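Secondary and tertiary structure notes
One letter stands for each residue in the lines below.
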Amino acid sequence: MTQLPVITNAAARSVEGIARVVRVTDDQLWLEPEQTTSCGHCSSSASCGIDTRQAPGIGSVSSRLQARRFVVDNPGGALGFREGDRLVVGVSEGSLLSASLTAYGLPLACALTAGSIVQGLYGDDLTSLLGMAGGLVLGLLGARFMARRLAARGDLAPHILRRARPDETCGNT
Amino acid sequence: MRDFALMMIGAALVNNVILARFLGLCSFMGVTTRVDTAAGMGLATTFVITVSSMADWAVQHYLLDAYGLGFLRTVTFILVIASAVQFTEMTIKKVSPKLFQMLGIYLPLITTNCAVLGVALLLVEGKMGFMSSTMFAFASSVGYSLVMIIFAGLRERLALVQVPRLFAGPPIAFIVAGMLAMAFMGFSGIATS
């Protein structure tokens, strides 16, 4: 029987993406992630919100990307990157999963638990709805606390892996 | 309780959103190149589907049904879903800007995910109470996430094996997706009554 190849070093793998250097200061690099999409860009991309060439404005892809700019420490310009450089940045796989669980899993679990308890106690739809909304708010507060702990441990900080090749895109890193 | 459990198993496995109802196929093929990104997308979608189903139930019950505006259902649900995504994005950004930087990339993709609207419309057909409809939506989205993660795992393996040149890439992925759908058809044998 043919053996499937074993994926080794899984723990050290990271989720990679491409970011462009948009500003360099004495101590910091400002990076803007390149847009990734769930589909290949087709000829209809201009009408479905995927097109990255659309004019900046509220809700546009450009404004979303601007909102996702992040900073990497660059003490004394030691990293040697300039504005316009394209870099491959990464976060560890475990960080992505724990961040997802913190941001989405915890509030959802709190909301469903609170909703179930209220439904069991009162059996009324409107009360259950309010209970679930209350649970969601509590869960979001819990997520805020957990996110602070993750950030303090440095788990949420992306790190620079290397310069991106000229032909490298988010889909073929 | 037993009815709840059976309904949730039915929504997650027997009538799986992706493999039985063929909804959300865009993200199914687009975001499943790696298990971790598929899990992130799955969790984000689970959150949005559940929250928007809560809002959809309230809108359907207290606005559309109450005032005889059922003909506005689809457009209203699209508005509710877009608002739910925007709410999620703003909340995550407020709760933790660092989390938003890491996870915000998935949220714009969910707005155009037909699985979210599909589940909302299925809930109306089911004429369920609030808790049942929320649990149905949650179970449907868990089924969605489960298939995304399984398929991403298979594609990670596929990337390491040699396949004939004509089948490399999406063609072999579609064949594997078909086999996965056939495997899930086995769940239809579960007696739910």
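Bear in mind that the values here come from a model prediction, so they are computed numbers and not experimental data.

Bringing the overall build of chain B into the picture now. Summing up its helical and strand segments, chain B has 9 helices and 0 strands in all. The helix and strand sequence of chain B, counted from the amino end, reads α-α-α-α-α-α-α-α-α. At 18 Å, chain B has a C-alpha radius of gyration in line with the 16 Å of a compact globule built from 193 residues. In chain B, which comprises 193 residues, the proportion classed as buried is 52%. Partitioning the intrachain contacts of chain B with sequence separation of at least 6 by distance along the chain shows that 77% fall at a separation of at least 24. Working note: accessible area of chain B is about 8800 Å², and carbon and sulfur atoms make up 70% of it. Counting 11 positive and 7 negative side-chain charges, chain B places the centres of these two groups 8 Å from one another.

Turning our eyes to something else, we now look at the state of the cysteines. All names here are of chain B. Counted by the stated rule, this structure contains 0 disulfides over all chains. Between cysteine 114, a cysteine without a disulfide, and cysteine 26, which holds the nearest cysteine sulfur, the sulfur-to-sulfur distance is 8.1 Å. Cysteine 114 sits in the partly exposed class, given a relative accessible area of 40%.

This part is about the environment of aspartate 3 of chain B. Residues and elements named next belong to chain B. Note that aspartate 3 resides in helix H1 (residues 2-14). What makes aspartate 3 exposed here is its relative accessible area of 60%. In this structure, the C-alpha to C-alpha distance between aspartate 3 and leucine 117, residues 114 residues apart in sequence, is 25 Å.

Pairs of packed helices are described in terms of their axes, by the angle between the two and the distance that separates them. Residues and elements named next belong to chain B. One can describe the packing of helix H4 (residues 73-95) onto helix H7 (residues 114-126) by two numbers: an axis separation of 10 Å at closest approach and a directional angle of 130°. In terms of axis orientation, H4 runs oblique to H7. In this structure, H4 crosses over H7, and the sense of that crossing is right-handed. Residues Arg73, Thr74, Phe77, Ile78 and Ile81 of H4 pack against Val116, Leu117, Ala120, Leu121 and Val124 of H7. Residues belonging to the contact of H4 with H7 are distributed by class as follows: 8 nonpolar, 1 polar and 1 charged.

Our focus in this paragraph is helix H3 (residues 125-152) of chain A. The terminal C-alpha atoms of H3 of chain A, which comprises 28 residues, lie 40 Å apart, in line with the 40 Å expected from a rise of 1.5 Å per residue. Those residues of H3 of chain A not exposed but buried are Ser128, Leu129, Gly131, Met132, Gly135, Leu136, Gly139, Leu140, Ala143, Ala147 and Leu150 of chain A. Taken together, the buried residues of H3 of chain A touch helix H2 (93-122) of chain A together with helix H3 (35-64), H4, helix H5 (97-103) and helix H8 (130-158) of chain B. Just downstream of H3 of chain A lies glycine 154 of chain A, where phi reads positive at about 80°.

All names here are of chain A. Here H2 crosses H3 at 150°, and the two axes come no closer than 7 Å. By the criterion of interaxial angle, the relationship of H2 to H3 is roughly antiparallel. In this structure, the crossing between H2 and H3 has a hand that is right-handed. The class makeup of the residues in the contact of H2 with H3 is 16 nonpolar, 10 polar and 1 charged.

Let us now look at the packing of aromatic side chains. Residue and element names in this part refer to chain B. Under the definition given, this model contains 5 aromatic pairs over all chains. The interplanar angle of 20° and the centroid separation of 4.3 Å between the aromatic rings of phenylalanine 28 and phenylalanine 151 together place this pair among those described as stacked. Of this pair, phenylalanine 28 sits in helix H2 (residues 25-30) while phenylalanine 151 sits in helix H8, and the two are 123 residues apart along the sequence. Between phenylalanine 184 and phenylalanine 187 the ring centres are 5.2 Å apart and the planes differ by 70°, which places this aromatic pair in the edge-to-face class. Its relative accessible area of 9% is what places phenylalanine 184 among the buried residues. Judged by relative accessible area, which is 28%, phenylalanine 187 ranks as partly exposed. One aromatic cluster is present, built from ring pairs that chain together Trp57, Tyr62 and Phe130.

A word on the environment of alanine 151 of chain A. Along the chain, the position of alanine 151 of chain A falls in helix H3. Note: C-alpha distance between alanine 151 of chain A and alanine 99 of chain A (52 residues apart in sequence) is 9.8 Å. Setting aside residues no more than four positions away along its own chain, alanine 151 of chain A makes contact with Leu156 of chain A together with Lys98 of chain B.

A cluster of nonpolar residues, Leu166, Phe167, Ile175, Met179, Met182 and Met185 of chain B, forms a patch on the protein surface that exposes about 690 Å² of accessible area. Along the chain, isoleucine 175 of chain B falls in helix H9 (residues 170-185).

Our focus in this paragraph is the confidence of the model for chain A. Residues and elements named next belong to chain A. Predicted confidence across chain A gives a mean pLDDT of 73, with 67% of residues reaching 70 or more. Element-level mean pLDDT values for chain A span from 57 in helix H1 (residues 61-67) up to 90 in H3. Considering only residues more than four positions removed or in separate chains, one finds that residues 4-11, a stretch of pLDDT under 50, has 11 contacts.

Applying the stated criterion across every chain yields a total of 2 salt bridges over all chains. For arginine 34 of chain B, the salt bridge goes to aspartate 36 of chain B, with nearest N and O atoms at 3.7 Å.

What counts, and where the lines are drawn
- Residues numbered from 1 in each chain as written.
- Chains lettered and ligands numbered in written order.
- Predicted model: local features only at pLDDT ≥ 70, side-chain atom pairs only at ≥ 80, totals over all residues.
- Heavy atoms only, no water.
- Helix = DSSP H or I, 4+ residues; strand = E, 2+ residues; numbered from the N terminus.
- Rg over C-alpha atoms; globule rule 2.2 N^0.38 Å.
- Buried < 20%, exposed > 50% of the residue type's maximum accessible area, 1.4 Å probe, protein only.
- Contact = heavy atoms within 4.5 Å.
- Areas by Shrake-Rupley, 256 points an atom, 1.4 Å probe, with all protein chains shown as cover.
- Lys, Arg positive; Asp, Glu negative; His and termini not counted.
- Charge placed at Lys NZ, Arg CZ, Asp CG, Glu CD.
- Disulfide = S-S within 2.5 Å.
- Axes fitted to C-alpha atoms, helices over the stretch in contact; angles between N-to-C directions.
- Parallel < 35°, antiparallel > 145°, perpendicular 65-115°, else oblique.
- Left-handed = near helix turned anticlockwise from the far one by under 90°.
- Nonpolar A, V, L, I, M, F, W, Y, C, P; charged D, E, K, R; others polar.
- Expected span 1.5 Å × (residues − 1).
- Phe/Tyr/Trp six-rings, centres within 6.5 Å; stacked < 30°, edge-to-face > 60°.
- Patch = residues over 30% accessible without salt bridge, like charges linked within 9 Å, V, L, I, M, F, W, Y side chains within 5 Å.
- Salt bridge = Lys/Arg side-chain N within 4 Å of Asp/Glu carboxyl O.
- pLDDT = per-residue confidence, 0-100.

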